[in-house]
Amino acid sequence: MTFNKVTVAGGGVLGAQIGLMCAYHGFDTTFWLRSEGSITRTQPKIQRYSQLMLADLEQAKQLIGSPMGAMVHPKGLIQDWNNIQPEKIDALIAQAKENFAGKIHLELDMAKALSGAGLVIESMAEEPEAKIQVYTAMKDLLDQDTILCTNSSTMLPSTFAQYTGRPEKYCALHFANMIWKNNTAEIMGHDGTDPAVFQTVVAFAQAIGMIPLELHKEQPGYILNSLLVPFLDAAETLWGKGVADVETIDKTWRLATGSPLGPFQILDIVGLETAYNIRQMAPDVKEEGSLNHQISKLLKEKLDKGETGVNAGKGFYQY
């Protein structure tokens with residue numbers, strides 16, 4: 001891998017975390033943001049997630065010598081747990097602070113943000129037209145060898161490849177939330193993705209502390225969301241039908257499975273805006289009386305009140 005600059009287009013929940021992990025692992029990282037308002041929304045996310053990452057590193061010192069340490073330490077931040085010592089964690093914390101201060105840049109000018117980037121990760125909202133607009137604006141500004149990835153949670157790279165101007169250098173790179181602990185990176189190409197580009201993205205994922213998960217063919221939702229989205233949809237269906245309230249649905253799941261989180265707690269972490277945007281893609285969402293319309297309406301009521309999830313301090317729950 002010959003590049004050292006990464007550009008993240010978008011500073012949402014995952015975009016902020018992706019950029020921080022790139023900087024943590026030594027990549028010069030630029031966030032391209034649409035407006036001053038986007039900067040105002042992104043800066044607190046960068047601050048919050050960087051503090052959470054540093055706190056998890058500090059807490060990891062208490063896990064040294066514990067048989068649980070290998071399972072629960074922040075795997076994306078500490079990759080060689082077997083040889084870890086408190087002094088090594090202190091050095092990682094010091095390096096992280098230095099990298100967060102010196103390697104993260106916020107830029108409104110798209111040309112400046114993209115110039116010199118070896119890899120660009122699009123992490124915009126799950127709105128097809130918005131993604132197409134961004135790709136169309138980017139295609140003549142990207143350097144010839146730049147690889148372009150999408151972090152879309154649900155949409156296929158083949159849907160957008162024609163708009164990128166570089167379909168052979170385009171694929172999906174999807175992360176789980178709390179990326180520094182849940183360090184998965186799903187890599188999914190389309191029929192036109194150059195195999196060498198695919199493997200470069202695999203190597204990049206490893207370089208930022210992720211475990212690469214290679215998909216052999218396109219699948220809406222990749223592996224993770226093919227499992228997770230139906231689960232969350234089932235919970236929203238129970239809520240939308242009025243079968244039970246949010247707290248009861250979550251309690252049922254936690255008690256019956258031993259899971260630490262219920263589906264609506266997970267939705268708060270994912271963000272209600274993402275849940276709403278995915279729901280908006282349902283074909284009958286605008287039909288009065290349809291279940292998708294009802295669930296979309298309920299989600300919109302919460303969004304209109306600013307109850308977008310953990311980052312806002314309130315979603316389905318108060319934080």
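Residues numbered from 1 in each chain as written. Predicted model: local features only at pLDDT ≥ 70, side-chain atom pairs only at ≥ 80, totals over all residues. Heavy atoms only, no water.

Draft legend 1. Structural detail: the packing of helix H2 (residues 36–60) against helix H4 (residues 86–102). Taken N-terminus to C-terminus, the directions of H2 and H4 make an angle of 170°; their axes are 9 Å apart at the nearest point. One finds that H2 runs roughly antiparallel with respect to H4. Mapping the contact onto sequence places Ser50, Met53, Leu54, Leu57, Glu58 and Ala60 in H2 and Ile89, Leu92, Ile93, Ala96, Lys97 and Phe100 in H4. (Axes fitted to C-alpha atoms, helices over the stretch in contact; angles between N-to-C directions. Helix = DSSP H or I, 4+ residues; strand = E, 2+ residues; numbered from the N terminus. Parallel < 35°, antiparallel > 145°, perpendicular 65-115°, else oblique. Contact = heavy atoms within 4.5 Å.)

Draft legend 2. Main features of the sheet that holds strand E5 (residues 147–150). The sheet built from 8 strands is open, its strands ordered E3-E2-E1-E4-E5-E6-E7-E8 with mixed pairing. Each edge of the open sheet is held by one strand with a lone partner, namely strand E3 (104–107) and strand E8 (211–214). The sheet shows a mean angle of 25° between the axes of neighbouring strands, taken without regard to direction. Summarising the sheet, strand E6 (residues 170–175) and strand E7 (residues 184–188) pair through 4 bridges and their orientation is antiparallel. Its bridge partner lying in E7, leucine 173 is registered against isoleucine 187. (Pairing = 2+ DSSP bridges.)

Draft legend 3. Layout of the pattern of salt bridges. Counted by the stated rule, this structure contains 11 salt bridges. Lysine 181 is the salt-bridge partner of aspartate 56, the closest N and O atoms lying 3.7 Å from each other. Note that aspartate 56 is positioned in helix H2 and lysine 181 in the loop between E6 and E7, a separation of 125 residues in sequence. On the basis of relative accessibility, which here comes to 15%, the residue aspartate 56 falls in the buried class. A relative accessible area of 31% means that lysine 181 is categorised as partly exposed. (Salt bridge = Lys/Arg side-chain N within 4 Å of Asp/Glu carboxyl O. Buried < 20%, exposed > 50% of the residue type's maximum accessible area, 1.4 Å probe, protein only.)

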